[in-house]
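Residue strings, one per chain:
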Amino acid sequence: MTDKKAAVWYEHLHTEKHTGARRGRLHTPHGTYETPMFMPVGTQGAVKGVNTRTLKEIGSQFILANTYHLWVRPGDELIAQAGGLHKYMGWDQAILTDSGGFQVFSLSDARKLKEEGVTFQNHVNGDKMFLSPEVAMRIQNNLGSDVMMQLDEAIPYFETYDYIKDSMQRSLRWADRAQKYHQKTDTQALFGIVQGAGFRDLRTESATELVKMDLPGYAVGGLSVGESKKEMNRVLDFTVPLLPEDKPRYLMGVAAPDSLIDGVIRGIDMFDCVLPTRIGRKGTLMTSKGRVVIKNSRYKADFSPIDPDLTYYSDNPIRKNQFGNLAQYDLPNYSPYQNLSRSYLHHLFNANERLGAQIASEHNLRYLLHLMEEMRTAIEEDRLLEFRERILEEYGYNKKNARLF
């Protein structure tokens, strides 16, 4: 049974009859949010180029922040003095923080791994630092995020069986240490991370032992790190059913439209990724008609809207509260950019104007948030497979040699 006294708890609303996809809500100390959801990534306490008001207006619910980067600067203790990360960055909705492990383990030439934790040199000034399950929890307790992730080892998907087994079992021990050290169980939820690469027996062992810990939620880690989408789906097929039905399930680091739908079909509730803002800053748009590289010369004299089929703020309660009395904002597909053309955005990028990256980043986030809104409706109406086929067709996934993300 769901523990409604927990800091974060999952409410199930509907199961899609053809796929088993879940429609639910996630209750947190900073509000209740609809699932399945996509979470924009604000690595250093900011989603690059997008302010918090805009994040609300385009339908963001949770956002993700990075423990490692906030630890290095400005420091978790300073953020605690400011009243926590919510107050520090001016965001009154839910926040998820990762453990910092992915960033630390990416510093492969400057780290040493032991059972106690990992010693490394930070990327800013080269100072020697030590990250352990306990340190990761202390930092995240100081940040005050609604959902915290355990420290685990981020390893390549195609490592040897023995290495992955040792790493997975160490991550289990680290999860146990994190749970014992966690100081604020009434206001912050600790999620465990299922590891094991593509090995079914290792994923089973990892999930089984984490479930015994009765954590408020569970993530599937170690995917979307170089393996094929077919392989990722294969692992999800046998991993997700091992997780409790009354707890949220989080697939880390995924944002491609087809992978979001395929993850939801397999029972995932939460996703995050830097993809939409990263490619947006470089001039690639996610649109209702597929991938658009706005820097291409074909858009120089294209005076059509950036994405005429994408609704922006239509039913967002934040937008209604702020703009409800102004007739121009009552259009069903109102966008602050609805009068801007692809030609203009093309010009901004070619002129190296920062506004171009900002518009593209906001647009890509809104595309994914709208995709999740539509997906939630499709689950409620038991037509998720039809929705999937429509998205695949619009995006060109069904075409030979399609350019994807």
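Residues numbered from 1 in each chain as written. Predicted model: local features only at pLDDT ≥ 70, side-chain atom pairs only at ≥ 80, totals over all residues. Heavy atoms only, no water.

Undergrad: I keep staring at the overall build of the protein and nothing clicks. Help me out?
TA: Each helix and strand counted, the protein has 15 helices and 17 strands in total. Against the 2.2 N^0.38 benchmark of 22 Å for 405 residues, the protein shows a C-alpha radius of gyration of 21 Å, consistent with a compact globule. Judged by the C-alpha coordinates and their principal axes, the protein covers about 60 × 50 × 45 Å. Sorting the 405 residues of the protein into buried and exposed places 55% on the buried side. If you take every contact in the protein between residues at least 6 apart in sequence, the share linking residues at least 24 apart comes to 67%. Roughly 17,800 Å² of accessible area belongs to the protein as shown, and the carbon and sulfur atoms make up 48% of that amount. One way to put it: in the protein the 51 positive side-chain charges average out to a point 4 Å from where the 51 negative ones average out. (Helix = DSSP H or I, 4+ residues; strand = E, 2+ residues; numbered from the N terminus. Rg over C-alpha atoms; globule rule 2.2 N^0.38 Å. Buried < 20%, exposed > 50% of the residue type's maximum accessible area, 1.4 Å probe, protein only. Contact = heavy atoms within 4.5 Å. Areas by Shrake-Rupley, 256 points an atom, 1.4 Å probe, with all protein chains shown as cover. Lys, Arg positive; Asp, Glu negative; His and termini not counted. Charge placed at Lys NZ, Arg CZ, Asp CG, Glu CD.)

Undergrad: Before we go on, may I ask you to explain the side chain of Ser 60 in this structure?
TA: Looking at where Ser 60 falls in the secondary structure, it is placed in the loop between helix 1 (52-57) and strand 6 (63-65). Given a relative accessible area of 5%, Ser 60 falls into the buried group. Contact partners of Ser 60, with chain neighbours within four places excluded, come to Pro 40, Leu 55, Trp 91, Gln 93 and Leu 369.

Undergrad: Help me understand the sheet that holds strand 2 (residues 22-28) in this model?
TA: Read from one edge to the other, the open sheet built from three strands follows the order 1-2-3, with strand pairing classed as antiparallel. Unpaired on one side and paired on the other, strand 1 (9-15) and strand 3 (31-35) mark the two borders of the sheet. Adjacent strand axes in the sheet meet at a mean angle of 20°, parallel and antiparallel pairs treated alike. Summarising the sheet, strand 2 and strand 3 pair through five bridges and their orientation is antiparallel. Bridging across to strand 3, Gly 24 finds its partner in Thr 35. (Pairing = 2+ DSSP bridges. Axes fitted to C-alpha atoms, helices over the stretch in contact; angles between N-to-C directions.)

Undergrad: How do you make sense of helix 15 (residues 384-395) when you look at a structure like this?
TA: Its 12 residues give helix 15 an end-to-end C-alpha distance of 16 Å, which sits within 8% of 16 Å, the value for a rise of 1.5 Å per residue. Along helix 15, the residues classified as buried are Leu 384, Phe 387, Ile 391, Leu 392 and Tyr 395. End-on view of helix 15: buried residues confined to an arc of 135°, all on one side of the axis. The outward face of helix 15, more than 90 degrees from its buried face, is lined by the exposed residues Glu 386 and Glu 393. Looking at the buried positions of helix 15, the neighbouring elements they touch are helix 10 (257-265), strand 16 (284-287), strand 17 (290-293) and helix 14 (354-380). (Expected span 1.5 Å × (residues − 1). Arc of directions from axis to C-beta.)

Undergrad: Looking at this structure, how should I read the pattern of salt bridges?
TA: With the rule as written, the count across this model stands at 24 salt bridges. Note that Arg 53 and Glu 57 form a salt bridge whose closest N and O atoms lie 2.9 Å from each other. One end of the pair, Arg 53, and the other, Glu 57, are both in helix 1, four residues apart, so they sit about a helical turn from each other. Connected through shared salt-bridge partners, Arg 23, Arg 25, Glu 34 and Glu 380 make up one network. (Salt bridge = Lys/Arg side-chain N within 4 Å of Asp/Glu carboxyl O.)

Undergrad: What am I meant to see in empty space enclosed by the protein here?
TA: One way to see where empty space is left: roll a probe the size of a water molecule over the atoms. Under the defined criterion, the tally for this structure stands at one cavity of 30 Å³ or more. Considering only enclosed or pocket space, the largest cavity measures out at about 40 Å³ in volume. Around the largest cavity, the lining residues are Ile 155, Pro 156, Tyr 157, Gln 195, Gly 196, Ala 197 and Gly 222. Looking at the lining of the largest cavity residue by residue, the classes come out as four nonpolar, three polar and no charged. (1 Å grid on protein atoms, 1.4 Å probe; cavity = no way out; pocket = protein on both sides within 12 Å on 5 of 7 lines; lining within 4 Å. Points joined across faces, edges and corners; volume = space filled by probe spheres on them. Nonpolar A, V, L, I, M, F, W, Y, C, P; charged D, E, K, R; others polar.)

Undergrad: Would you mind going over the environment of Leu 64 with me for this structure?
TA: Assignment of secondary structure puts Leu 64 in strand 6. Given the relative accessible area of 4%, Leu 64 is considered buried. Between the alpha carbons of Leu 64 and Asp 272 there is a distance of 7.5 Å; along the sequence they are 208 residues apart.

Undergrad: I tried to follow the UniProt feature "active site" (unreviewed entry) in the protein on my own but got confused; where do I start?
TA: The feature "active site" (unreviewed entry), as given by UniProt, occupies Asp 98 and Asp 272 in the numbering adopted here. Maximum C-alpha separation among the annotated residues is 10.7 Å over a sequence range of 175 residues, consistent with a single clustered spot. Within the annotated group, the residues that form the lining of the largest pocket are Asp 98 and Asp 272. Among the structural elements, Asp 98 can be located in the loop between strand 7 (95-97) and helix 5 (101-106). (UniProt positions renumbered as here; feature names shortened; annotations may be inferred.)

Undergrad: Explain the nonpolar core to me, please; I cannot follow it from the model alone.
TA: As a rule of thumb, nonpolar side chains are buried together in soluble globular proteins. Counting 84 residues, the largest nonpolar core has Phe 38, Leu 131, Leu 251, Leu 260, Phe 271, Met 375 and Leu 384 as the members making the most contacts within it. Counting residues per element, this core draws most heavily on helix 14, which supplies nine residues. Each residue touching Leu 384, except ones within four places of it in the same chain, is listed here: Glu 16, Thr 19, Ala 21, Val 264, Ile 265, Met 375, Ala 378 and Ile 379. Core analysis: the second largest hydrophobic core is formed by 19 residues, Val 8, Phe 191, Ile 193 and Tyr 250 among them. (Core = buried A, V, L, I, M, F, W, Y, C linked by side-chain atoms within 4.5 Å.)

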